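# Overview (structure and organization)
For reference, the chains in residue letters:
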Amino acid sequence: MKTTIQQVSKHLEETVTIGAWLTNKRSSGKIAFLQLRDGTGFMQGVVAKSDVSEETFQTAKNMTQETSMYITGRIVEDKRSPFGYEMQVTDIEVIHEATDYPITPKEHGTEFLMDHRHLWLRSKKQHAIMKVRNEIIRATYQFFNDNDFVKVDPPILTGSSAEGTTELFHTKYFDEEAYLSQSGQLYMEAAAMALGKVFSFGPTFRAEKSKTRRHLIEFWMIEPEMAFVDHEESLKVQEEYVSFIVQSVLNNCKLELNVLERDTSKLEKVQAPFPRISYDDAITMLKEKGFTDIEWGEDFGAPHETAIAESYEKPVFITNYPAEIKAFYMQPAPGRSEVVLCADLIAPEGYGEIIGGSQRIDDLDLMKERYEQHGLTGEAYEWYLQLRQYGSIPHSGFGLGLERTVAWISGVDHVRETIPFPRLLNRLYP
Ligand code: 4AD
Ligand code: MG
């Protein structure tokens, strides 16, 4: 019977066949240990000279890394491995022999691995990260579906920019100028006026010349937008959502977190509610922590975010930033128009900002004023202003960066390992 590594627990003490690749092997005169992978998982196959034909034993002993095969044997428990099962091999049918696979079990440099990303994805660690990414996506759909949100897909080719005009990818749209979307937010605001609570999940693009461990040129964002929801209520949704995805990964990716050697005790603490600190207090805290140069009105960089996050075991919201350093659409705080009703959610352990969100301006005149201040003109914005013209309401939303969230939950250093084919400054290959 044909099965997969993921399903072997259902076939204990049965003989099954699995389509697999060889990742590594060890052998002596009488026994060969094959490290197998089939895409669904990783498992050891044990080939004892006494159990198989001489030809099969020689095949096993001489097999090269990444050779593909159908392998048949009995599934037994293996208490020594975290996976818990192994195969006592009785037959091997080679499908394709691989020669000189470039990624060997020895250490390789990052650039070499990045050049071979199409093959690197096969490794155990990369496999685990992709499974964690998948679980976060699955849990995201579950969370928003369970809470009556409707999935809406904003366009990727757009005529307007949401997050400032300097980091846009320009492209020709027949005779017009178009951009690749930096954020679906403006469209999601329109969708919230039609459907109440909505969320999107899609690729976004930023032509940022940043070469850091947190920046991708193409990254995936989850953007919920909620009608009749104020900033404070939005923060509750954010902390419930982030707690839900972390707990889902803890429950459903135990093997992967083990492969990644993730300290899960840190993730177990990620339960709503999350602490909040105002931008004003964050400035005071930073000065106390030795950032004596920082002045009120300046944006925070990675070292500032890390220093603030160090004071907490959970993600922390930094709220009410100065209007000057935030996007044009954010609602001023009541009685204090120099700050806005917004928050960045900073992940623990130095992973930085994973969510940016805010209450949106709902007053037409104020929105027009902001347009002028930010030099935003043109008919691309006409439709967005109209949302404030016909039954305008308080509404809020946020964007969670998927790759930074995967990096944090998986405990990997750099976002380049959290997306199958990263687009980075100077990297479009493979
Ligand atoms: O803070 P940002 O720029 O917010 C927005 O785009 C809002 N329009 C979202 C909204 O309210 N609907 O981006 C949101 C998140 C960040 O917190 C970060 O996690 C991620 O997107 N992000 C990036 N991730 C990887 N590489 C980059 N270059 C990123 N830029 C932002
Ligand atoms: Mg931001």
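Every value quoted in this text rests on a predicted model; they were computed, and no experiment measured them.

Now for the sheet that holds strand 9 (residues 170-173). Here we have 3 strands laid out as an open sheet, ordered 8-10-9, and antiparallel in their pairing. A strand with exactly one partner marks an edge of an open sheet, and here the two such strands are strand 8 (157-158) and strand 9. Pairing of strand 9 with strand 10 (residues 176-180) involves 4 bridges; the strand directions are antiparallel. Bridge assignment links Thr-171 to a residue of strand 10, and that residue is Ala-178.

One ladder, built from 2 bridges, connects strand 8 with strand 10; its direction is antiparallel. Its bridge partner lying in strand 10, Leu-157 is registered against Leu-180. What sits between strand 9 and strand 10 in their antiparallel hairpin is a turn of 2 residues, with Phe-174 showing a positive phi close to 55°.

This brings us to unusual backbone geometry. Note the cis peptide between Ala-272 and Pro-273, where omega equals 0°. Along the chain, Tyr-429 connects to Pro-430 via a cis peptide bond; the corresponding omega equals -5°. Topologically, Pro-430 is positioned in the segment after helix 13 (402-410). Backbone geometry at Asp-148 places phi at a positive 65°, although glycine is not the residue there. When you line up the elements, Asp-148 lands in the loop between helix 4 (124-146) and strand 7 (150-151). Classification of Asp-148 as exposed rests on a count of 8 C-beta atoms within 10 Å. One non-glycine residue, Glu-261, lies in positive phi territory at about 55°. If you trace the backbone, Glu-261 turns up in the loop between helix 7 (254-259) and helix 8 (264-268). Using a count of 9 C-beta atoms within 10 Å as the deciding quantity, one classes Glu-261 as exposed.

Further remarks concern the domain arrangement of the chain. Domain boundaries in the chain define domain 1 (2-96) and domain 2 (117-417). Here domain 1 and domain 2 have C-alpha centroids that lie 44 Å from each other. The interface of domain 1 with domain 2 comprises 4 residues on the first partner and 4 residues on the second. Each residue belonging to the side of domain 1 that touches domain 2 can be placed in one class, and the counts come to 3 nonpolar, no polar and 1 charged.

What follows covers the environment of Arg-336. Turning to its location among the elements, Arg-336 is positioned in strand 16 (residues 336-340). Along the chain, Arg-336 and Pro-102 lie 234 residues apart, while their C-alpha atoms are 60 Å from each other.

Turning our attention to the sheet that holds strand 12 (residues 218-227). One open sheet accounts for 8 strands, arranged 7-11-12-19-18-17-14-13; its pairing is mixed. Edge strands, defined here as strands with exactly one partner in the open sheet, are strand 7 and strand 13 (276-278). Relative to strand 19 (residues 395-401), strand 18 (residues 352-359) runs antiparallel, the two being bridged by 5 bridges. When the bridges of strand 19 are listed, Gly-356 appears paired with Gly-399. Along the sheet, helix 5 (residues 185-195) makes contact with strand 7, strand 11 (197-205), strand 12 and strand 19, crossing strand 12 at roughly 30°. Against the sheet, helix 10 (residues 302-309) touches strand 13, strand 14 (316-319), strand 17 (342-347) and strand 18, its axis set at about 75° to strand 17.

Cut-offs applied
- Position numbers for residues count from 1 along each chain, tracking the sequence in the order it is written.
- For this description, chains carry letters from A and ligands carry numbers from 1, given in the order in which they are written.
- Local features are withheld for residues below a pLDDT of 70 in this predicted model, meaning they are given only at 70 or higher, and side-chain atom pairs are given and counted only at 80 or more; totals for whole chains, interfaces and linings count all residues.
- When DSSP finds two or more bridges between a pair of strands, those strands are recorded as paired.
- Secondary structure counts use DSSP, requiring at least four H or I residues in a row for a helix and at least two E residues in a row for a strand, with both numbered from the N terminus.
- To sort residues by exposure, count the other C-beta atoms lying within 10 Å of each residue's C-beta; 20 or more gives buried, 12 or fewer gives exposed, and values between give partly exposed, all with C-beta atoms placed from the backbone.
- All the domain ranges listed were derived from an automatic or database domain assignment.
- Contacts here follow a simple rule: the backbone-placed C-beta atoms of the two residues must lie within 7 Å.
- Each residue gets one of three labels, nonpolar for Ala, Val, Leu, Ile, Met, Phe, Trp, Tyr, Cys and Pro, charged for Asp, Glu, Lys and Arg, and polar for the others, Gly among them.
- In this description, a line fitted to the C-alpha atoms serves as the axis of each element, helices being fitted only across the stretch in contact, and the angle between N-to-C directions of two axes falls anywhere from 0 to 180 degrees.

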